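# Structural overview
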Amino acid sequence: MTTATQDRDGSLREIVSSDATRRGRAARSLARWGDSEVVRALAAALADDDRNVSEAAASSLLMIGGADTVAFLLPLLRSDAPGTRNRAAQLLERLGKAEPDALMKLSADPDPRMRLFAANILAGTGDHDLAPRLIEMLRDSDVNVQDAAVVGLGRMRAPAAVPALSARLSGSDPWSCFSTVDALGSIGTPAALRALLDAAPAAEPEMRGAFVEAIGATGLPEGVAGLLDLLSRFLDLGAAVARALLGPLASAVGEARFQTPGVVGLLADILAKGTAEEVLRALESPAVAIRAAAIEATRVRGLTEAVPALCRLRSDADPVIRSAAAAALTAFERARKERL
Amino acid sequence: MKRTVLVVDDSDTVRRMLRWTLDPLGIRVLEAANGALALETLDREAVDLVIADLNMPVMDGIELIRSIRALPSIAELPVLMLTTEQREQDVQTALNAGASLYLTKPSTPAVIRYKVLALLNGAGGGPSVAEAGS
């Protein structure tokens with residue numbers, strides 16, 4: 001018997017010993033072998049009560065990989081212990097890409113819990129070749145599986161799913177609608193944005209904020225134009241639209257076409273009601289419209305903490321900003337003299 | 001004073017969905033992606049209610065509830081478990097661990113808001129109950 005074989009056999013004995021430190025050491029050591037007996041022992045160790053042991057077993061299984069490992073992990077999804085099935089699902093997300101047939105089979109399992117795991121795992125692989133199966137799962141008989149497929153397609157950012165997801169936007173279930181809107185926002189392609197902009201006006205009032213957030217998440221300049229149009233129809237969306245324009249759409253707002261008094265006024269109004277930190281951050285924005293709005297907000301709020309930033313903005317590259325910063329500083333000075 | 005709810009779920013979408021659901025109630029929503037991160041948040045923030053998923057990486061919802069119940073300073077904190085797991089053994093495990101309420105998906109924003117308000121007001125924080133979501 002060679003030393004290596006003795007190490008292997010010894011580790012297989014140690015991984016079921018009563019001492020957690022020894023079990024953990026054995027779990028790490030067994031990564032050097034990848035035969036079925038070793039994989040079976042490591043898969044069993046995923047259920048170890050000691051977190052260090054189960055994490056060591058997971059690391060070793062990840063290093064070994066292969067069809068054998070996937071085959072041993074799949075049954076663990078049916079474990080009664082949430083920790084065990086979660087660790088198995090996590091590993092399958094990392095290893096399943098190499099064994100797509102096993103995932104396909106899981107996605108057709110009679111148990112909806114297994115199909116739900118399959119949707120999550122398929123999405124977690126990030127493999128767009130698996131997106132068509134997730135798109136099929138949008139028609140699963142179980143609504144939770146459908147929802148997992150929606151979320152998964154968003155997580156995968158699968159442009160191929162846009163038509164199928166768009167068709168779900170007219171559904172009446174609010175959470176299902178939210179998942180779909182959110183997924184389209186995550187996919188973030190021009191087609192996904194178009195679907196969101198087309199559906200938003202007809203959405204239930206309580207859903208419109210979710211649409212605004214998803215449109216903002218695309219980060220696309222056309223999202224800015226679309227949100228301004230939406231705002232002209234639904235004035236109660238002001239705060240949500242401004243949050244999107246100041247957040248994920250901030251760089252898109254930098255386009256010259258959005259430097260209008262209307263946009264600046266909207267943003268200034270929201271900043272005037274927000275925190276001082278938000279105003280100070282907005283003064284540093286690369287978008288002229290946002291800097292202009294922040295300057296207006298400092299004036300409205302009498303935000304003296306902004307004076308150093310306003311002094312810097314007197315040398316801004318944009319003449320409108322230079323002029324507005326100078327005017328704001330003059331207003332601060334006038335107010336100070338009046339107080340004296 | 002605003003009430004604070006900690007939402008614990010590994011899905012970004014579910015966390016955003018619950019934030020959107022609770023927003024009309026004027027509730028402050030904190031987020032954590034797993035039980036371990038939730039415990040870190042509970043260590044530094046005053047929280048009035050936890051909504052937790054069951055299946056999560058690193059630390060699942062059951063371990064989270066057991067940890068909360070073991071910490072005297074937060075042992076009484078109501079915990080609503082919101083999950084797709086509908087099997088009786090999962091429900092029993094969660095309730096035995098100390099879940100205040102076990103709610104299964106699919107649910108609706110209206111049901112969640114009602115249950116959250118009930119737990120925040122102490123009406124649902126008594127005997128553990130398992131309920132279908134809708």
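In short, a report on the structure. (Residues numbered from 1 in each chain as written. Chains lettered and ligands numbered in written order. Predicted model: local features only at pLDDT ≥ 70, side-chain atom pairs only at ≥ 80, totals over all residues. Heavy atoms only, no water.)

Along the backbone of chain B there are 5 helices and 6 strands. Sequence-ordered secondary structure for chain B, helices as α and strands as β, is β-α-β-α-β-α-β-α-β-α-β. Each of the three principal axes of chain B carries a C-alpha extent, and together these read 35 × 35 × 30 Å. Every one of the 134 residues in chain B was classed for burial, and the buried ones make up 56%. Long-range pairs, those at least 24 residues apart, make up 63% of the contacts in chain B between residues at least 6 apart in sequence. Summing over all exposed atoms, chain B offers an accessible surface of approximately 5600 Å²; the carbon and sulfur share of this is 52%. Averaging the coordinates of the 13 positive side-chain charges in chain B and doing the same for the 17 negative ones gives two points 6 Å apart. (Helix = DSSP H or I, 4+ residues; strand = E, 2+ residues; numbered from the N terminus. Buried < 20%, exposed > 50% of the residue type's maximum accessible area, 1.4 Å probe, protein only. Contact = heavy atoms within 4.5 Å. Areas by Shrake-Rupley, 256 points an atom, 1.4 Å probe, with all protein chains shown as cover. Lys, Arg positive; Asp, Glu negative; His and termini not counted. Charge placed at Lys NZ, Arg CZ, Asp CG, Glu CD.)

Moving on, we come to the packing of aromatic side chains. Within this structure, the stated rule accounts for 1 aromatic pair over all chains. With a centroid separation of 5.0 Å and 35° between ring planes, the pair formed by A:Phe178 and B:Trp20 is classed as tilted. Residue A:Phe178 is found in helix H12 (residues 174–187), and its partner B:Trp20 is found in helix H1 (residues 12–22); the two belong to separate chains. Taking the ring centre of A:Phe234 as reference, the NZ or CZ of A:Arg208 above it sits at 3.8 Å. (Phe/Tyr/Trp six-rings, centres within 6.5 Å; stacked < 30°, edge-to-face > 60°. Lys NZ or Arg CZ within 6 Å of the ring centre and 35° of its normal.)

Residue and element names in this part refer to chain A. Contact pair helix H4 (residues 51–64) / helix H6 (residues 82–95): the axes reach a minimum separation of 10 Å and the direction vectors enclose 20°. When the interaxial angle is binned, H4 and H6 end up roughly parallel. In this structure, H4 meets H6 at a crossing whose hand is right-handed. Each of Ser-54, Ala-58, Leu-61 and Leu-62 in H4 lies in contact with H6, whose residues at this interface are Arg-87, Leu-91, Arg-94 and Leu-95. (Axes fitted to C-alpha atoms, helices over the stretch in contact; angles between N-to-C directions. Parallel < 35°, antiparallel > 145°, perpendicular 65-115°, else oblique. Left-handed = near helix turned anticlockwise from the far one by under 90°.)

Turning our attention to the interface of chain A and chain B. Every contact between the two is made by 26 residues of chain A and, on the other side, 30 residues of chain B. In total, about 2300 Å² of surface goes out of reach between chain A and chain B, with carbon and sulfur atoms giving 53% of it. Here chain A is connected to chain B by 7 salt bridges. Residues B:Glu85 and A:Arg85 are paired through a salt bridge, measuring 3.6 Å at the closest nitrogen-oxygen approach. Between chain A and chain B we count 15 residue pairs in polar contact (both at pLDDT 80 or more) in total. At the level of elements, H6, helix H8 (112–125), helix H10 (143–156), H12 and helix H14 (208–218) of chain A are the ones that each hand at least two residues to the side of chain A that touches chain B. (Buried area = accessible area lost by both parts, 1.4 Å probe. Salt bridge = Lys/Arg side-chain N within 4 Å of Asp/Glu carboxyl O. Polar contact = N/O pair within 3.5 Å; in protein donor to acceptor, adjacent residues only side chain to side chain.)

Residues and elements named next belong to chain A. In the contact formed by helix H20 (residues 288–301) and helix H22 (residues 319–339), the axes pass within 9 Å of each other and the chain directions differ by 10°. On the basis of the axis angle, H20 is roughly parallel to H22. Contacts between H20 and H22 pair Val-288, Arg-291, Ala-292, Ile-295, Thr-298 and Arg-299 from the former with Ile-321, Ala-324, Ala-325, Ala-328, Ala-331 and Phe-332 from the latter. For the contact of H20 with H22, a count of residues per class yields 9 nonpolar, 1 polar and 2 charged. (Nonpolar A, V, L, I, M, F, W, Y, C, P; charged D, E, K, R; others polar.)

The next thing to look at is the environment of A:Gly188. Within the secondary structure layout, A:Gly188 lies in the loop between H12 and helix H13 (190–199). Residues A:Gly188 and A:Ala158, 30 residues apart in the sequence, show an inter-C-alpha distance of 9.4 Å.

Take the pairing of strand E5 (residues 101–104) of chain B next. All names here are of chain B. Neither face of E5 is left uncovered, since the one carrying Leu-101 and Leu-103 and the one carrying Tyr-102 and Thr-104 both have all their residues buried. Across 4 bridges, the pairing between strand E4 (residues 79–83) and E5 is parallel. Following the sheet pairing, Met-81 is matched in E5 by Tyr-102. The parallel pair E4 and E5, bridged by helix H4 (residues 88–97), forms a crossover whose chirality is right-handed. (Pairing = 2+ DSSP bridges. Right-handed = clockwise from strand over helix to strand, strands pointing away.)

Consecutive side chains of a regular strand alternate in pointing toward one face of the sheet and then the other. Residues and elements named next belong to chain B. Covered by surrounding structure in strand E3 (residues 49–52) are Leu-49 and Ile-51 together with Val-50 and Ala-52, the residues of both alternating faces. By the bridge criterion, 4 bridges tie strand E1 (residues 4–8) to E3 in an arrangement that is parallel. Note that in E3 the partner of Val-5 across the bridge is Leu-49. In this sheet, E4 lies alongside E3 in parallel orientation, the contact comprising 3 bridges.

Residues and elements named next belong to chain B. Cis geometry is adopted by the peptide bond preceding Pro-106, which originates at Lys-105 and carries an omega value of 5°. Although it is not a glycine, Val-58 sits at a positive phi angle of roughly 65°. According to the relative accessible area criterion, Val-58 is partly exposed, its value standing at 42%.

Enumeration according to the criterion identifies 33 salt bridges over all chains in this entry. Close ionic contact of A:Arg233 with A:Asp229 constitutes a salt bridge, the shortest N to O distance being 3.1 Å. In this pair, A:Arg233 and A:Asp229 are both assigned in helix H15 (residues 221–233), 4 residues apart and thus about one turn of the helix distant. Taking the relative accessible area as the measure of exposure, A:Asp229 reaches 39% and is therefore partly exposed. Across the pair B:Asp12 and B:Arg15 runs a salt bridge, and its minimum N-O distance is 2.8 Å. A residue pair is termed a helical-turn pair when its members lie 3 or 4 positions apart in one helix, as B:Asp12 and B:Arg15 do in helix H1 at 3 residues. Classification of B:Arg15 as buried rests on a relative accessible area of 11%.

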